[in-house]
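Residue-level listing of the chains:
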Amino acid sequence: MLTIKAGSILLGRLDWHALQHGPVELIGIASMGLGLLAAVAALTYLKRWKWLWREWLTTVDHKKIGVMYIIVAALMGLRGVTDAIMMRAQQATSVGNAHGFLSSDQFQQVFSAHGTIMIFFLAMGLMFGLINLILPLQIGSRDVAFPFLNATSFWLFASGMALINLSLVLGEFSSAGWLAYPPLSELRYSPGVGIDYWLWSLQIAGVGSLLAGINFFATIIKMRRPGMSLMRMPMFAWSVLGTMSLVIFAFPILTATLTMLALDRLLGMHFFTSDFGGNPMMYVNLIWAWGHPEVYILILPAFGVFSEVVSTFSHKRLFGYKSMVIAIWAIVALSFLVWLHHFFTMGAGADVNAFFGVMTMVIAVPTGVKVFNWLFTMYRGRIKFSVPMLWFLGFVATFTVGGAAGVMMAVPPADFQLHNSLFLVAHFHTMIIGGVVFGYLAGLHYWFPKIFGFKLNERLGRYAFWCWLVGFLLAFIPLYILGIMGATRRLDHYDASMGWQGLFIVAAVGVAVIVAGIGFQALQLLVSIKDRHKNMDTTGDPWGGRSLEWSTSSPAPVYNFALLPEVTGRDAFWTMKHAKKTTEPLEYEAIDMPKNTPIAIIIAGLAFAVGFGFIWHIYWLAALGLLGIITAIIIRASDENTEYRISAAQVRAIEEGAAV
Amino acid sequence: MENNPNATEVYEESPGGSLAGYIAGFILSLVLTVVAYWLVLQHKNSGQPMFSHQFLVVTVVVLAITQLFVQLVFFLHLDRESKPRWNLLVASFAAIVVLILVLGSIWIMNNLNYNMQTPAQTDKAIIQDEGVHP
Amino acid sequence: MSEAVSTLKTVTVEPEESKSLFGFWIYIMTDCVLFASLFATYAVLHGNTYGGPGAKELFSLNFVLAETLILLTSSFVCGLAMLAARRGDKRQVLMLFGLTFVLGLAFLGLELTEFHHLYAEGNSWRRSGFLSAFFTLVGTHGAHITSGLIWMGVMMVRVRQNGLTPVSLRRLGLLSLFWHFLDIIWIFIFTIVYLMGAL
């Protein structure tokens, strides 16, 4: 049995070695430090600490929470892209006698961090960000079902982010990939803190996601405007409902599996060890039973965004509403029936592999239905090739090809050749970049005016799009080819005789072009802010939208709608816009809104302490953290004064002040 | 309902009547528990088991599922939810996911364990399952 | 009864209660999937005793029957407590939830005794995959029971101080839902771990 070095009671296994870092990490730490310093300096100089606390850190307003999700996602995306740059640079240069600039262990930490950050923090962050910002508005609601829970979800997400970022400074990160398969992730082979950072960061962020899933599911079911039956909802709202169903039923599997791995590591249990009756294959089984629904969780809201974007910019109602809804639920149901395709090669028999192979092919069908419906929406529409529309077209071109690659790998014998090759890597990046990222970038551009009150610069947006598209193709088409040529994933070095270097260099150029695209996006943001008075959205409806979020001002007031809209059909706002206008005087009523509270961020801080304690074996800290969380919950539950009233007069003042 | 569009109507039993419900649920659950327990005890302790191992496994599971429904109806009042029956729908979905996860994992892991065992273990399995020496 | 055919009457549940009940129900569903993951793992690992003792050798059916009957009774008593709550009978509520609490504590006590016994004989969670799965599945249920007891304690203090306010009534409803759910999970632990273990 393995004994762990206990260290001290006070500090667990934390000691000065945790601060020992190589040059690459030091650069990363320095950049993060500089960023943090700049933020602190700006806040101090502008005397905005109180404002930050009052307006953002203690908010329960879903619109502000959405903005914070996006900011965290973007920052983590920068880290993830930096990892990508390092990997491409390494693989383009580490050939034959040259060994690049990263050691094997560093490379492993880089690709592990890259995957973990991109999926859990960039993609999930953008997703929950957009949902927070827009979903309540789309269903005509003033808020989510459980505003305090919503804030807690965000801060738990941020807490997970903080832990992963801390791993760069104190200790190390995991070298076991974004899913940390045992036996490598067990104590025997990874005794350091890396796996534990990975584990607790995801456990905490995962609980946040689960709570958010419950919240938005309840919101859609219970808080729609009375006239808005489910079949009258916007397609984005339907996609969110489907996604939240997936979150609710998949994330508990992640929680359980991470817990079991933690128990192996902390209490010497034998779930997934390679001896004492453990079964590492069970981990792979469970983690993918979560992992497959997870990727559909990422893509479904992006599909929802496309439904909105295509309809708006084709000036045409979405084609095939009913079949779109059925397709969403087909995808949701099938998501739970395909997970084994992630480990065809682990050794299951032909019957098991065949079943999951067939189901995997079937799941491509409802996605195809959606793509056709979008194209049919465009047919005979009056199309405006706005930036969101460009993102959609880029998606159609890339996602269909990448999806076809997926169907190829759904055939087990083919997968035996392609599993864990760069072909696989190219496939899932096509899905995630071409689908998820393009979709959320389209959504951000489309809904930006609603959130901030002014439009983004179109020209720079177009440059960004083309850089992303061209860069993506340059970066990943070589990988499809390399995969078929036999290149496996996660290689930090290869022989010159393989003849792969040329393609790796092309891929590296591709990443550089993507980075240029990101540069254009940063520029776009700055220029748009500078030009905001020229591009103000004064009507609340800059694009000629069809759904309720466009019926309120931009930005929306804290209560979303001064007067709750009447819904009589699909495309509720379109109907409102084209109905006969009556000139009744507007009668405002008082509105009750939830109060801000510090408890959410406090709970997340305590969760951070729990994670930190378990990572470094500082058990008293973990125990105190848990106790603190229970106490905080009880304190919150005892609070009888959680709402405040906005009087009718105040509403009138806000509404009439906003009108130009 | 007109005033409060987001309210749902829920049927509530008047206090006297529902006591019967809880008592019925309690007694039924008691019986289902004790019967299952007794069957297994009988099988374990007696020299001559009355029922086969396979029969007992199935029976015991059936008794558990029956008790599940008893408690869902008598303690959780799932049958008396008013339309639209969201709780029932979500519970059904959960049940399906649970079945897929548990039965799917058993099927998959069984398969994997069989294919990934050592040659010695495979020989043993062949002798056990087919009665022939490999 | 001359008028009504049944003793049922409809009650309009206000949005707040409908929302929180629904949200809590969804949370219960997620807990079902959590337990399903642990059950699946137990099913896969229950034979992995690594040469050590298995379910047949280790579990005492009598002991487990006692635990089961205690928990079932506590679930029943909890139901009675909710009837009292809907009637507005504060004294009965405190007594019945108090009884539920005591029975829950007794269940926990028995379970911890069983755990201690196993541990003392060298059959701890470190011994084998089977025992890891057992302790975690049953222990997670026990942790949920513990949380329920803490919640129950807080609620009883609250009700004692402030009476049966609408908020307390709503939360007691959620607590009773949680408590019933834990007994349902126990049905399956009793069946799959202990009964099937003895077969």
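Rules of the game
Residues numbered from 1 in each chain as written. Chains lettered and ligands numbered in written order. Predicted model: local features only at pLDDT ≥ 70, side-chain atom pairs only at ≥ 80, totals over all residues. Heavy atoms only, no water. Helix = DSSP H or I, 4+ residues; strand = E, 2+ residues; numbered from the N terminus. Rg over C-alpha atoms; globule rule 2.2 N^0.38 Å. Buried < 20%, exposed > 50% of the residue type's maximum accessible area, 1.4 Å probe, protein only. Lys, Arg positive; Asp, Glu negative; His and termini not counted. Charge placed at Lys NZ, Arg CZ, Asp CG, Glu CD. Salt bridge = Lys/Arg side-chain N within 4 Å of Asp/Glu carboxyl O. Arc of directions from axis to C-beta. Contact = heavy atoms within 4.5 Å. Patch = residues over 30% accessible without salt bridge, like charges linked within 9 Å, V, L, I, M, F, W, Y side chains within 5 Å. Areas by Shrake-Rupley, 256 points an atom, 1.4 Å probe, with all protein chains shown as cover. Buried area = accessible area lost by both parts, 1.4 Å probe. Polar contact = N/O pair within 3.5 Å; in protein donor to acceptor, adjacent residues only side chain to side chain. Axes fitted to C-alpha atoms, helices over the stretch in contact; angles between N-to-C directions. Parallel < 35°, antiparallel > 145°, perpendicular 65-115°, else oblique. Left-handed = near helix turned anticlockwise from the far one by under 90°. Nonpolar A, V, L, I, M, F, W, Y, C, P; charged D, E, K, R; others polar. Core = buried A, V, L, I, M, F, W, Y, C linked by side-chain atoms within 4.5 Å. Domains from an automatic or database assignment. pLDDT = per-residue confidence, 0-100. Expected span 1.5 Å × (residues − 1).

Peer 1: Quick question: what am I supposed to make of the overall build of chain A here?
Peer 2: Across its full length, chain A holds 19 helices and two strands. Taking 660 residues into account, the globule formula puts the C-alpha radius of gyration at 26 Å, and chain A, at 25 Å, falls close to it. Overall size of chain A, expressed as C-alpha extent along the three principal axes, is 80 × 60 × 50 Å. Of all 660 residues assigned to chain A, the portion counted as buried reaches 60%. Charge centroids of chain A, computed over 42 positive and 34 negative side chains, lie 10 Å from each other.

Peer 1: Just checking my understanding: could you explain the pattern of salt bridges for this structure?
Peer 2: Side chains that differ in sign of charge can pair as their charged atoms come close. All names here are of chain A. All chains considered together, the criterion is met by 13 salt bridges over all chains. Lys-530 serves as the salt-bridge partner of Asp-531, at 3.3 Å between the closest nitrogen and oxygen. Look at Asp-531 and you get buried, because its relative accessible area is 14%. Of the charged contacts, one joins Asp-531 and Lys-534 as a salt bridge, the two residues approaching to 3.7 Å between their closest N and O atoms. By relative accessible area, Lys-534 is classed as exposed at 67%.

Peer 1: Quick question: what am I supposed to make of helix α2 (residues 49–57) of chain A here?
Peer 2: Count 3.6 residues to each turn of an α-helix, and residues three or four apart come out pointing the same way. All names here are of chain A. Within the span of α2, buried status applies to Leu-52, Trp-56 and Leu-57. Taken end-on, α2 shows its buried residues confined to a sector of 70 degrees, consistent with a single buried face. On the buried face of α2, the contacting elements are α1 (23–45), α3 (62–93), α5 (147–169) and α17 (599–616).

Peer 1: So what exactly am I meant to see when it comes to a nonpolar patch on the surface here?
Peer 2: Residues and elements named next belong to chain A. Together, Ile-9, Leu-10, Leu-11, Trp-620, Leu-624 and Leu-627 make up a nonpolar patch on the protein surface, roughly 670 Å² of accessible area in all. For Leu-11, the location among the structural elements is in the segment before α1. For Leu-11, a relative accessible area of 41% puts it in the partly exposed group.

Peer 1: I'm lost on the interface of chain A and chain C in this one. Help?
Peer 2: Accessible area lost when the parts come together is the quantity often used to give the size of an interface. Chain A puts 34 residues into the contact, and the matching count from chain C is 31 residues. Taken together, the two surfaces of chain A and chain C that pack against each other cover about 2,800 Å², and 74% of this comes from carbon and sulfur. Looking at the side of chain A facing chain C, the largest losses of area belong to A:Lys222, A:Phe276 and A:Met282, adding up to 18% of the total buried there. Run the count over chain A and chain C and you get zero salt bridges. Where chain A meets chain C, there are 10 residue pairs in polar contact (both at pLDDT 80 or more).

Peer 1: Can you help me understand the packing of α5(A) against helix α6 (residues 194–222) of chain A in this one?
Peer 2: For any two helices packed against each other, the geometry is given by the interaxial angle and the distance between the axes. All names here are of chain A. Put simply, α5 and α6 touch, their axes get as near as 8 Å, and they point 165 degrees apart. One way to sum up the angle between α5 and α6 is to call them roughly antiparallel. For the crossing formed where α5 meets α6, the hand is left-handed. Contact residues: Leu-149, Asn-150, Ser-153, Leu-156, Phe-157, Ser-159, Gly-160, Leu-163, Ile-164, Leu-166 and Ser-167 in α5; Tyr-197, Trp-200, Ser-201, Ile-204, Ala-205, Val-207, Gly-208, Leu-211, Ala-212, Asn-215 and Phe-216 in α6. Broken down by class, the residue content of the contact of α5 with α6 amounts to 14 nonpolar, eight polar and no charged.

Peer 1: Help me understand the environment of A:Val95, please; the structure alone is not making it clear to me.
Peer 2: Residues and elements named next belong to chain A. Within the secondary structure layout, Val-95 lies in the loop between α3 and α4 (104–138). Spatially, the C-alpha atoms of Val-95 and Tyr-440 are 36 Å apart, while their sequence positions differ by 345 residues. Leave out the neighbours within four places in its chain, and Val-95 touches His-493, Tyr-494, Asp-495, Ala-496 and Gln-501.

Peer 1: When you look at the nonpolar core in this model, what are you seeing that I'm missing?
Peer 2: Inside soluble globular proteins, nonpolar side chains tend to come together where they are buried. A:Trp290, A:Trp374, C:Phe97 and C:Phe134 are the most contacted members of the largest nonpolar core, which totals 311 residues. Considering every element that reaches this core, the biggest residue donor is helix α7 (residues 235–267) of chain A, with 22 residues. Two domains each donate at least three residues to this core, and these are domain 1 (1–82) and domain 2 (84–134) of chain B. Excluding anything up to four places from it in sequence, A:Trp374 contacts A:Phe303, A:Phe306, A:Ser307, A:Val310, A:Leu318, A:Met324, A:Phe392 and A:Phe395. Of all hydrophobic cores here, the second largest spans seven residues; its members include A:Tyr588, A:Ile591, A:Met593 and A:Val651.

Peer 1: What is the right way to look at the environment of A:Leu11 in this model?
Peer 2: Distance in space between the C-alpha atoms of A:Leu11 and A:Leu621 is 9.2 Å, their sequence separation being 610 residues. Ignoring any residue separated from it by four or fewer positions in sequence, one finds A:Leu11 in contact with A:Trp616 and A:Ile618.

Peer 1: How should I be thinking about the domain arrangement of chain B in this particular structure?
Peer 2: Residue and element names in this part refer to chain B. What the domain assignment reports for chain B is domain 1 (1–82) and domain 2 (84–134). Contact with domain 1, which involves four residues of that partner, is made by five residues of domain 2. Here domain 1 meets domain 2 over a buried area of about 430 Å², counting both sides, of which 47% is carbon and sulfur. Broken down residue by residue, the surface that domain 1 buries against domain 2 is led by Leu-78, Glu-81 and Ser-82, which jointly contribute 86%. Taken together, domain 1 and domain 2 are joined by zero salt bridges. For the interface between domain 1 and domain 2, the tally reads four residue pairs in polar contact (both at pLDDT 80 or more). Its residues assigned to classes, the side of domain 1 that touches domain 2 shows one nonpolar, one polar and two charged.

Peer 1: Looking at this structure, I do not really get unusual backbone geometry. What am I missing?
Peer 2: Glycine aside, the phi torsion of most residues is negative, and most peptide linkages are trans. Cis peptide bonds are those with omega within 30 degrees of zero, and the linkage from A:Pro182 to A:Pro183 qualifies with 0 degrees. Tracing the sequence through the fold places A:Pro183 in the loop between α5 and α6. Within the chain, A:Lys47 stands out as a residue other than glycine whose phi angle is a positive 55 degrees. On the secondary structure map, A:Lys47 appears in the loop between α1 and α2. Take A:Lys47: its relative accessible area is 72%, and that puts it in the exposed class. Look at B:His77: it is not a glycine, yet its phi comes out positive at around 55 degrees. In this structure, B:His77 sits in the loop between α2 (53–74) and α3 (86–115). With a relative accessible area of 26%, B:His77 lands in the partly exposed category.

Peer 1: Explain the confidence of the model for chain B here, please?
Peer 2: Segments scoring low in pLDDT should not have their predicted coordinates read at a detailed level. All names here are of chain B. Averaged over all residues, the pLDDT of chain B equals 86, while 87% of them reach at least 70. By mean pLDDT, strand β1 (residues 8–13) is the weakest element of chain B at 44, and α3 is the strongest at 96. For the stretch residues 7–17, pLDDT sits under 50, and the model shows 34 contacts to residues farther than four places along the chain or on other chains. With a pTM of 0.95, the predicted complex shows an ipTM of 0.96.

Peer 1: Looking at this structure, I do not really get helix α15 (residues 501–530) of chain A. What am I missing?
Peer 2: All names here are of chain A. In this model, α15 (30 residues) spans 43 Å end to end at C-alpha, consistent with the 44 Å of a helix rising 1.5 Å per residue. Of all the positions in α15, only Phe-504, Ala-507, Gly-510, Val-511, Ile-514, Gly-517, Gln-521, Gln-524 and Ser-528 are classed as buried. Close packing links the buried residues of α15 with α3, α11 (387–409), α13 (422–452) and α14 (458–484).

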